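Residue strings, one per chain:
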Amino acid sequence: MITVTNFSKHYKGFAAVKDLSFTVGPGQILGLVGPNGAGKTTTLRALCGIVPPTSGHLSIAGHDIVKAPIAAKKNLGYIPDDPRLFDTLTVWEHLAFTAAAYKVANFEEGAEALLQSFELSHKRDTLVHNLSRGMRQKVAIACAFLHDPKVILFDEPLTGLDPQGIRGIQQAIRERAESGAAIIISSHLLGLFETLCTHLMVLNLGECRRFGAMSDVLAEFGQSDSSSALESAYFAITQKRSDG
Amino acid sequence: MRGGLRLRLMQLVSLRGALLFVALGGIIWLLIASGQLDPTAQLFGGASLDSQAIRAEIATFMPLGMLGMTLLTVLLSTGPSFHFSPTEVNLLFVGPFSRRDLIIYKFIAYAAGAALSATLIAPFAQSQTGSAFSAFTATFLTLLFVQLNSAAVGMAWQAFEGNRLARLKWPVTALVCAIALAAMIHAWAVPDRSISGLISDVRHSWIGTIILMPYIVFAELFLARAHFPDLALWAAIAILINVLLLRAVIKLDRRTSEFSLREDTRLSDRWERMKQGGSFWATERSEIPSIRSAPTLGGLGPIAWRQAIKAARNSSKLIVIFIVGAACAGPLSSMAGVSITGKHGLLMLYFFFGFSLPRTLICDFRGDLSRMETYKTLPIAPWRICLGQLVVQVLLSYVIALTMIVSLLLFEDSLGAPVALALAAFALPLTLLIYAVENTIFLLFPAKLVPMGRADFEFLGRSLIEFILKTVVILIAVALAIGVGVFTLLTLGSTLVLSGLASWVSLTLIAGLAMIVMQFAFRRFVVAEAFD
């Protein structure tokens, strides 16, 4: 369960996010969409304790990320847009590191399963600086899934992945949601949201322009001849406010 | 060329760059001013040596040293001396520039760096050369020669490498080494002969003079007694040699450009790793047997475990070099007749442990700037993360310090067992303090670990300011610890052991305090503000 209440973040006078409030329940997948600089990554980083909020409350599985950061982070899995792995560790050692950091007992079985599901078994002893961008992304996701978090945050999860990889990750996200995880995905790929997300939030210039169930948003804006329903909705929402 | 110049100027134009450059200039001015006030004062006591003896050593050993460097370039060089970064390859190689333009651009950038290095070196060399101007001229032209010579020799060898005769490289090297070794053993075994005498004879023989001719020019630059005609004459010849070498580099570049490109990529990968705190000699293996599990230790385990693996895989060769170097400190100081526990020796030791070692062997936060996001998301208390980050770094440095203490104990007469024990005891909290301060500065003012080229004024200025700041903190801490020890001795009037213990506890507490400040710095480190 993710709860965000009146969250604002300012950088040296610049408001990156303004008064944001929303909740994501277990099993729900929220798609976070918006143009560059809309505040998507800042929101995700604040949720996982990387940047402190200027005001407001952010809670992960019932724990406030500022007041009880350790308890909150134990329930959290975060996959950044450009995962910076440890160059000198192998793929398996990343899983071992994560298991020790999150105190996962008998992690070997779960780690083997994750390696297999992400087609990384043959790369277990490879130092990660020799992996392609897509492979590194898979390692980061496997590490984030290892401790079975209740909340998972993805920032551009499909960057650098091949078609098989994209299908695999989408399937993994669905399975995690079905098993009760609350998930947020930030991306520019509107097609990904249409196939995956249960809810949608459109951000622009740090403000929430639209938040609701995916079906409601699509129904509201309909489908034009040349573009998908979500694409129509996205441009209608972002341009309406920009023009106004 | 103008782009490169603009880049350097832009660094100066920024407020931070300008401030650091002013600070750097101030420090250089201080060095010069102090040199003028006391021309005999030298940092490492060089002025106390006989000036005539130094001149003789420069005349003998400098040309031989430069020849040795040239031969090593042929033997070990794997890449071009003018290195282009991937950004330069992508932007400049496709631009309307000839290879000649690019080589000249690189040369000018290097010359700017060499001028800066010469400016820094000149205050120390002026008592030898007679004036700061002659010291600058000699250093600047020699630095240019070293770069151009290694580039030309390396490229000439790369062009020659396809030839059948190139296979003789290692057998010929082995033969030359065997002859040199035999000659040295002979010189050592025969009475009234010495190895240095043998080297001097080789250098001053007619064949030695012919072979070493280009290198002798640069030694003469440092030995010139007057600006005119001595310095002017040798400088003119040195400039001519450098111009000829530059022409040779431009000509040879046509034959080695493809090879250079491949090597540029390999070098860039290594530099990237260095920027992340890795060693230039880090493993280039792609697969390695994985360690099955990491220790937990309440969250401290995985952090320290990861840094230990990094040190083993990234810096093992460096660690071995440092330990061997530390082990040689005793025999070397004994042979040279220099007391390492004297004033100058201690200064050198502090410079090594306080500046050189922390700048070279990096297994803490400083190598993890791009991974701070990961540490921030871990469910581990900040103090455990900080301690985990420092454990390996401090222990490695402590092992090097202990090796040096043992080496000095065995070979230096002035160092007794009680003093060695006290040094070993104090070295641990002092090492912890050095790295806690180093990391705190880094977390408060995060910055890159390697300079962006030789003329990176901001980097140089920052490094100096950091070193001065760290030195001030450490001096205050040591003074406080000594003060507590003296106070204990005066008030309790007991043995030195009790006052030493009081000093040790004080220093340990100060190091602990520094850890708390470091933890605060980690807490307030904001990833987005540091990167965006």
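Treat the numbers as computed from the prediction; the structure is a model and nothing was measured.

Scoring rules and cut-offs
Within each chain, residues carry numbers counting from 1 in the order of the written sequence. Chains and ligands are labelled sequentially in the order written, the chains with letters from A and the ligands with numbers from 1. Local features are withheld for residues below a pLDDT of 70 in this predicted model, meaning they are given only at 70 or higher, and side-chain atom pairs are given and counted only at 80 or more; totals for whole chains, interfaces and linings count all residues. By definition, any uninterrupted DSSP run of H or I lasting at least four residues is a helix, any uninterrupted run of E lasting at least two residues is a strand, and each is numbered from the N terminus. Any residue with 12 or fewer other C-beta atoms within 10 Å of its own C-beta is exposed, any with 20 or more is buried, and the rest are partly exposed; the C-beta atoms used are placed from the backbone. Placing a C-beta atom from the backbone of each residue, one calls two residues in contact when those atoms lie within 7 Å. All radius of gyration figures rest on C-alpha atoms, and the globule criterion is 2.2 Å times the number of residues raised to 0.38. Side-chain classes follow a simple rule in which Ala, Val, Leu, Ile, Met, Phe, Trp, Tyr, Cys and Pro form the nonpolar group, Asp, Glu, Lys and Arg form the charged group, and the remainder, Gly included, forms the polar group. We treat two strands as partners when DSSP finds at least two bridges between them. By our criterion, buried Ala, Val, Leu, Ile, Met, Phe, Trp, Tyr and Cys residues that link up through C-beta atoms within 7 Å make up a nonpolar core. Confidence of the predictor at the level of single residues is captured by pLDDT, which takes values from 0 to 100. Seen with the strands pointing away from the viewer, any crossover whose path from the first strand over the helix to the second strand runs clockwise is right-handed. Note on method: axes are straight lines fitted to C-alpha atoms, helices fitted across the in-contact stretch only, with angles between N-to-C directions ranging 0 to 180 degrees. Comment on the angle field: the value is read as roughly parallel under 35 degrees, roughly antiparallel over 145, roughly perpendicular from 65 to 115, and oblique elsewhere. Handedness of each helix crossing follows the sense of rotation of the near helix against the far helix: counterclockwise by less than a right angle gives left-handed, clockwise gives right-handed.

### A short note on the overall build of chain B
Then, number 1: Regarding its fold elements, chain B presents 20 helices and zero strands.
Then, number 2: For chain B, the proportion of its 532 residues judged to be buried stands at 34%.
Then, number 3: For chain B, contacts bridging at least 24 residues in sequence account for 79% of all contacts bridging at least 6.

### Thoughts on the overall build of chain A
Then, number 1: A tally of helices and strands in chain A yields nine helices and ten strands.
Then, number 2: Taking 2.2 N^0.38 as the reference for a compact globule, 244 residues should give roughly 18 Å; the C-alpha atoms of chain A span a radius of gyration of 18 Å, in line with that estimate.
Then, number 3: Seen through its principal axes, chain A has C-alpha atoms that stretch 55 × 45 × 30 Å.
Then, number 4: The burial tally for chain A puts 51% of its 244 residues in the buried class.

### Focus: the interface of chain A and chain B
Then, number 1: Counting residues at the interface gives 31 residues for chain A, matched by 37 residues for chain B.
Then, number 2: Within the residue set of the side of chain A that touches chain B, elements represented by two or more residues are α1 (40-47), α2 (69-74) and α3 (91-101) of chain A.
Then, number 3: In the side of chain A that touches chain B, the residues fall into 16 nonpolar, six polar and nine charged.

### Quick look at the sheet that holds strand β2 (residues 14-24) of chain A
Residue and element names in this part refer to chain A.
Then, number 1: The strand order across the open sheet formed by four strands is β2-β1-β4-β5, and the pairing between neighbours is antiparallel. Each having just a single partner strand, β2 and β5 (63-64) make up the two edges of the open sheet.
Then, number 2: With five bridges joining them, strand β1 (residues 2-11) and strand β4 (residues 55-60) adopt antiparallel strand pairing. Looking at the pairing, T3 lines up with S59 of β4.

### Observations concerning the nonpolar core
Then, number 1: Ranked by size, the top nonpolar core spans 138 residues in total, and within it A142 of chain A together with L433 and A436 of chain B carry the most contacts.
Then, number 2: The element best represented in this core is helix α16 (residues 382-411) of chain B, accounting for 13 residues.
Then, number 3: Leaving out residues up to four positions away in the same chain, A436 of chain B has contacts with L390, A511, A514, M515 and M518 of chain B.
Then, number 4: Counting residues in hydrophobic clusters, the runner-up holds 43 residues, among them F140, A151, L212 and L245 of chain B.

### Quick word on the pairing of strand β9 (residues 199-204) of chain A
Residue and element names in this part refer to chain A.
Then, number 1: The element β9 is largely enclosed, with a buried count of six among its six residues.
Then, number 2: Along β9, one buried face is formed by H199, M201 and L203 and the opposite face, lined by L200, V202 and N204, is buried too.
Then, number 3: Note: β9 against strand β10 (residues 207-213), six bridges, orientation antiparallel. By the bridge assignment for β10, V202 is matched with R210.

### Overview of the confidence of the model for chain B
One rule of thumb: low pLDDT means the predicted coordinates there are not for detailed reading.
All names here are of chain B.
Then, number 1: Within chain B, residue pLDDT values average 81, and 80% of them lie at 70 or more.
Then, number 2: By mean pLDDT, helix α2 (residues 15-37) is the weakest element of chain B at 51, and α16 is the strongest at 94.
Then, number 3: In the predicted structure, residues 36-48 sits below a pLDDT of 50 and forms twelve contacts with residues beyond four places in sequence or in another chain.
Then, number 4: The ipTM, which scores confidence in the relative placement of chains, is 0.89 for this predicted complex, and the corresponding pTM is 0.74.

### Things to note about the pairing of strand β8 (residues 182-186) of chain A
Residue and element names in this part refer to chain A.
Then, number 1: Of all five residues making up β8, five are buried, and the element is well covered by its neighbours.
Then, number 2: Here β8 shows a buried face lined by A182, I184 and S186 and a second buried face lined by I183 and I185.
Then, number 3: Relative to β8, strand β3 (residues 29-33) runs parallel, the two sharing four bridges. Among the inter-strand pairings, I29 is bridged to a residue of β8, identified as I183.
Then, number 4: Relative to β8, strand β7 (residues 151-155) runs parallel, the two sharing five bridges. Each residue of the ladder has a partner; that of D155, found in β8, is S186.
Then, number 5: Note on the crossover from β7 through helix α6 (residues 163-178) to β8: the handedness is right-handed.

### Observations concerning the sheet that holds β10 of chain A
Residues and elements named next belong to chain A.
Then, number 1: Across the sheet, which stays open at both edges, the six strands sit in the order β6-β7-β8-β3-β9-β10 with mixed pairing between neighbours. The outermost strands of the open sheet, each flanked by one partner alone, are β6 (76-79) and β10. Neighbour to neighbour, the strand axes of the sheet diverge by 15° on average, direction disregarded.
Then, number 2: Docked against the sheet, helix α8 (residues 214-221) engages β9 and β10, running at close to 105° with respect to β10.

### A short note on the packing of helix α7 (residues 169-189) of chain B against helix α8 (residues 195-204) of chain B
Residues and elements named next belong to chain B.
Then, number 1: The N-to-C vectors of α7 and α8 enclose an angle of 125°; their axes lie 8 Å apart at closest approach. One element, α7, and the other, α8, form an angle in the oblique class. Here the hand of the crossing between α7 and α8 comes out right-handed. From α7, A183, M184, A187 and W188 reach across to α8, where they touch I195, G197 and L198.
Then, number 2: By residue class, the composition of the contact of α7 with α8 is six nonpolar, one polar and no charged.

### Notes on unusual backbone geometry
Then, number 1: The linkage connecting F228 of chain B with the following residue, P229 of chain B, adopts the cis geometry, with an omega of 10°.
Then, number 2: Looking at the secondary structure, you find P229 of chain B in helix α11 (residues 227-275).
Then, number 3: Here N106 of chain A, not a glycine, exhibits a phi torsion of approximately 45°, which is positive.
Then, number 4: Summarising the element assignment, N106 of chain A is placed in the loop between α3 and α4 (108-117).
Then, number 5: The class of N106 of chain A is exposed, set by 9 C-beta atoms lying within 10 Å.
Then, number 6: Phi at L205 of chain A is positive, roughly 50°, even though this residue is not glycine.
Then, number 7: Along the chain, L205 of chain A turns up in the loop between β9 and β10.

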